[in-house]
Amino acid sequence: MKVLFIGDVYMEQGRKAFDKYFASVKQEYKPQIIIVNGENISDTNGLSEEIYKDYLKRGVNVFTLGNHAFSRRDYPEVLALPYVARPANYGPGTLGNEYVIYNYNGTRVAVVNLLGRIFMRDPIDNPFTKMDELLETIDAEHIIVDFHAEATSEKIALAHYLDGRVDAVIGTHTHVPTADEMVLPFGTMYQTDVGMSGVKYGIIGGEVAQGIRKFVSGVPERVKAEKSGLLQFNAVLLDLDTKKITRINIKEE
Ligand SMILES: [Fe+2]
Ligand SMILES: [Fe+2]
C-alpha cells in the first residue's frame, strides 16, 4: 500500500500548486491513501470545511494540522470533521481527533499529528510520552505520524524513539524540504521535513519584502502571504509494504 503525504499547503498559492500538480503526481505514483498537512491551507491559516470537502472529493483522505489548528474562528466545526487529525499532544479537553483511522479495503491506517516543543509557542504535552499513550489505544495495521516541529534534533529523536513502532515519522512545519529521507534500523520511514506547497520565492510562504523587513527591523508584523510567482509542490511517497520512501520535489523554473 502506498501513501502520498503532501507537506503544508500554504494558502492561495499553495492551493494553486496543488491544483497544478496533484493530478499528475497521483497519476505517476498511484497512492492508495493521500494525506495533506492543511494547517495553512486557508488564507487565514488553518483548514476550512469548504476546502476539506473539496479536497476529499478530489481524492485526499486525511488532513493533519499543526500550530495553526486553532487559528480560524470556526475551528470547533473543522476539528469535528471525521478525517482531520489535530496535534494529539494538546491537553485533556481539547476538541478534535487525537488520531484518524482511515480504512482502506479493510486495512486500517492510523494517522497521528504531533506538535514539537522546541522553538514552538504553545505549552503542550510531551509528544514522546503522548505517543506512548496513543500506541496503547490505536488499533490499526499501519501508523503514520506527522511530526509538526521546528527543531531537526527533536524530529530525529522522535523518529528513533518510535522506530519499529510506527510505519513512518514525517516532519512538517518548517516549509523547507530536507534531503534525508531514510529507513531507520527498525524499519520506520523518516524524513525531517516534507516541505511546503506554494510559492517558490517567499519567506516560507510569506512576502519576501515583509520577511526581510521584519528581520532587519525586529518589529513584529502579521505574515502576509506572497501572492504570485513560481511555485513548488513537495510530498513524499511511502510504500508501506516494501518500506521505500521517495521524495517528490517539484520546483518551477
Ligand atoms: Fe505550516
Ligand atoms: Fe506550523
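How each quantity is defined
- Residues numbered from 1 in each chain as written.
- Chains lettered and ligands numbered in written order.
- Predicted model: local features only at pLDDT ≥ 70, side-chain atom pairs only at ≥ 80, totals over all residues.
- Buried ≥ 20, exposed ≤ 12 C-beta atoms within 10 Å, placed from the backbone.
- Helix = DSSP H or I, 4+ residues; strand = E, 2+ residues; numbered from the N terminus.
- Arc of directions from axis to C-beta.
- Contact = placed C-beta atoms within 7 Å.
- Pairing = 2+ DSSP bridges.
- Right-handed = clockwise from strand over helix to strand, strands pointing away.
- Axes fitted to C-alpha atoms, helices over the stretch in contact; angles between N-to-C directions.

## Topic: helix H2 (residues 49-57)
1) Next: Of the residues making up H2, those classed as buried are Ile51, Tyr52 and Tyr55. Looking down the long axis of H2, one finds its buried residues gathered within 105° of arc, a one-sided arrangement. In H2, the exposed residues that point more than 90 degrees away from the buried face are Glu50, Lys53, Asp54 and Lys57.
2) Next: On the buried face of H2, the contacting elements are strand S2 (33-37), strand S3 (62-64), helix H3 (75-79) and strand S4 (84-85).
3) Next: Once H2 ends, the next one or two residues include Gly59, with phi positive near 115°.

## Concerning the pairing of strand S6 (residues 107-115)
1) Next: For S6, a buried count of seven out of nine residues is recorded, marking the element as mostly surrounded by other parts of the structure.
2) Next: Note: strand S5 (residues 99-104) against S6, six bridges, orientation antiparallel. Its bridge partner lying in S6, Tyr99 is registered against Val112.
3) Next: Connecting S5 to the next strand, S6, in antiparallel fashion are two residues, including Asn105 with a positive phi near 45°.
4) Next: Where S6 meets strand S7 (residues 142-148), seven bridges bridge the pair, whose relative direction is parallel. Within the sheet, the bridge partner assigned to Asn113 lies in S7 and is Asp146.
5) Next: Between the parallel elements S6 and S7, the chain passes through helix H4 (residues 127-137) in a crossover that is right-handed.

## Points about the sheet that holds S6
1) Next: Judged by pairing direction, the sheet is mixed, and its six strands sit side by side in the order S5-S6-S7-S8-S10-S9 without closing on themselves. Of all strands in the sheet, those with a lone pairing partner are S5 and strand S9 (182-183), marking the two edges.
2) Next: Together, S5 and S6 form the strand contacts of H4, whose direction differs from that of S6 by roughly 155°.
3) Next: The sheet strands contacting helix H5 (residues 152-161) are S7, strand S8 (168-172) and strand S10 (189-191), and the helix crosses S8 at an angle near 165°.

## Quick notes on the pairing of S2
1) Next: Along S2, five of the five residues are buried, which leaves the element largely enclosed by surrounding structure.
2) Next: Residues of S2 alternate between two faces, with Ile33, Ile35 and Asn37 on one and Ile34 and Val36 on the opposite face, all of them buried.
3) Next: Direction of pairing for strand S1 (residues 2-6) relative to S2: parallel, over a ladder of four bridges. Residue pairing in the sheet places Val3 in a bridge with Ile33 of S2.
4) Next: Pairing of S2 with S3 involves three bridges; the strand directions are parallel. Paired with Asn37 across the two strands is Thr64, which belongs to S3.
5) Next: In this fold, the crossover linking S2 to S3 by way of H2 has right-handed handedness.

Nothing here speaks to function; it is geometry throughout.
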